[in-house]
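These are the residues of each chain, in order.
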Amino acid sequence: YDNPVARRRQLSSGPLGGSDIASTNNMVTPLNPKEFFQGTWRGEGELIPNAFLRWFAPREHFYLTSEAIWLSDTIWIVNDRFQFSSGRILDRKMFCELAAPDRIHVTADDMPLGADIVLSDSAFSFTPYYALVKHRGFMFRVRCFDQNTVDHDGYIHDIIRVYFAGLPVATMRIGPINRNHPRAT
């Protein structure tokens, strides 16, 4: 191709030559979202501030509970609850939509510009996103890089690297996260 823009369009449209959301129900995804993102997930993690910031924000252990509520075959809500060792509780609601066979678009109150989740066979990662973080009465906008891997037992391990003004400020390590699927009735 002499035109790099035309080449990128062809590559981004995928092997089926389009991104028609209505046709996603018949496509095979690397991780099947309706099967994978279901039920209640539970795990533990740790918020690890950069060494230079630990006087301002110490390391903190937390528990995570995450529940998916499916509204249709392509749209669902995720309710997350983080219970920190300091006693602080963070409840958040994330809205998810299957946008392509290997891509989910998500938004949340603390993630107003949203992000995409890119699916593969044994991992999923968020495109870099901005999040709003409240700390000691102040609101900060941080940039996050979020990578999730699925181990051979089906547990999820999540690493979120957090930046403020281009400088690394913290890392969140979550996992193993246990995926409890509801039983069919």
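Reference entry: report on the structure contained in this document. Residues take numbers from 1 onward in each chain, read along the sequence in its written order. Totals for whole chains, interfaces and linings use every residue, but because this is a predicted model, local features are given only for residues with pLDDT of at least 70 and side-chain atom pairs only at 80 or more, for both listing and counting. To obtain the side-chain values, all non-hydrogen atoms of the structure were included, while hydrogens and water were left out.

Remarks on the overall build of the protein
Numbering of helices and strands runs from the N terminus; a helix is a DSSP stretch of H or I covering at least four residues, while a strand is a stretch of E covering at least two. Summing up its helical and strand segments, the protein has 2 helices and 11 strands in all. Listed N to C, the secondary structure of the protein is α-α-β-β-β-β-β-β-β-β-β-β-β in terms of helices and strands. Of all intrachain contacts in the protein linking residues separated by at least 6 positions in sequence, the fraction that spans at least 24 positions is 36%. Split by element, the accessible area of the protein, about 11,500 Å² in all, is 55% carbon and sulfur. The contact rule is simple, with two residues in contact once any of their heavy atoms fall within 4.5 Å. Only the protein chains shown count as covering a residue, and every accessible area follows the Shrake-Rupley method with a 1.4 Å probe.

Concerning the nonpolar core
Within this scheme, the nonpolar core is defined by two criteria: the residues are buried Ala, Val, Leu, Ile, Met, Phe, Trp, Tyr or Cys, and they are joined through side-chain atoms within 4.5 Å. Each residue's exposure class comes from its accessible area (1.4 Å probe, protein chains only) as a fraction of the maximum for that residue type: buried when under 20%, exposed when over 50%, partly exposed otherwise. Ranked by internal contacts, the top residues of the largest apolar core, which has 35 residues, are Ile104, Val106, Phe124 and Phe126. Ranked by the residues each element gives to this core, the list is headed by strand E11 (residues 167-180), at 5 residues.

Regarding unusual backbone geometry
In this structure, Pro176 follows Gly175 across a cis peptide bond, with omega equal to 5°. Structurally, Pro176 is set in strand E11. Backbone geometry places Ala165, a non-glycine residue, at a positive phi of 55°. Within the secondary structure, Ala165 sits in the loop between strand E10 (156-164) and E11.

A look at the environment of Arg141
Looking at the secondary structure, you find Arg141 in strand E9 (residues 138-150). Arg141 gets classed as partly exposed once you look at its relative accessible area, which sits at 48%. Sequence-distant contacts of Arg141, defined by excluding residues within four places in its chain, comprise Tyr130, Ala131, Leu132 and Phe164.

Concerning the packing of aromatic side chains
Aromatic ring pairs are described here by two measures, namely the spacing of the ring centres and the angle between the planes. Under the pairing criterion, centres of Phe, Tyr and Trp rings, with the six-membered ring standing for Trp, must be within 6.5 Å; the plane angle then separates stacked pairs below 30 degrees from edge-to-face pairs above 60, leaving the rest tilted. As enumerated under the stated definition, the model contains 13 aromatic pairs in all. Here Phe37 and Trp41 contribute two aromatic rings whose centre-to-centre distance is 5.8 Å and whose plane-to-plane angle is 25°, an arrangement assigned as stacked. Given a relative accessible area of 8%, Phe37 falls into the buried group. When the centroid spacing of 6.4 Å and the interplanar angle of 20° are considered together, the rings of Phe82 and Phe84 count as stacked.

Some points on the pattern of salt bridges
Note on pairing: side chains with opposite charge can pair once their charged atoms come close. By definition here, a salt bridge exists when the distance from a side-chain nitrogen of Lys or Arg to a carboxyl oxygen of Asp or Glu is within 4 Å. With the rule as written, the count across this model stands at 7 salt bridges. Residue Arg59 is joined to Glu46 by a salt bridge in which the shortest nitrogen-to-oxygen separation is 3.0 Å. Remark: Glu46 occurs in strand E1 (residues 40-49) and Arg59 occurs in the loop between E1 and strand E2 (60-70); sequence separation between them is 13 residues. If you follow the salt bridges from partner to partner, you end up with Asp80, Arg92 and Asp110 in one network.

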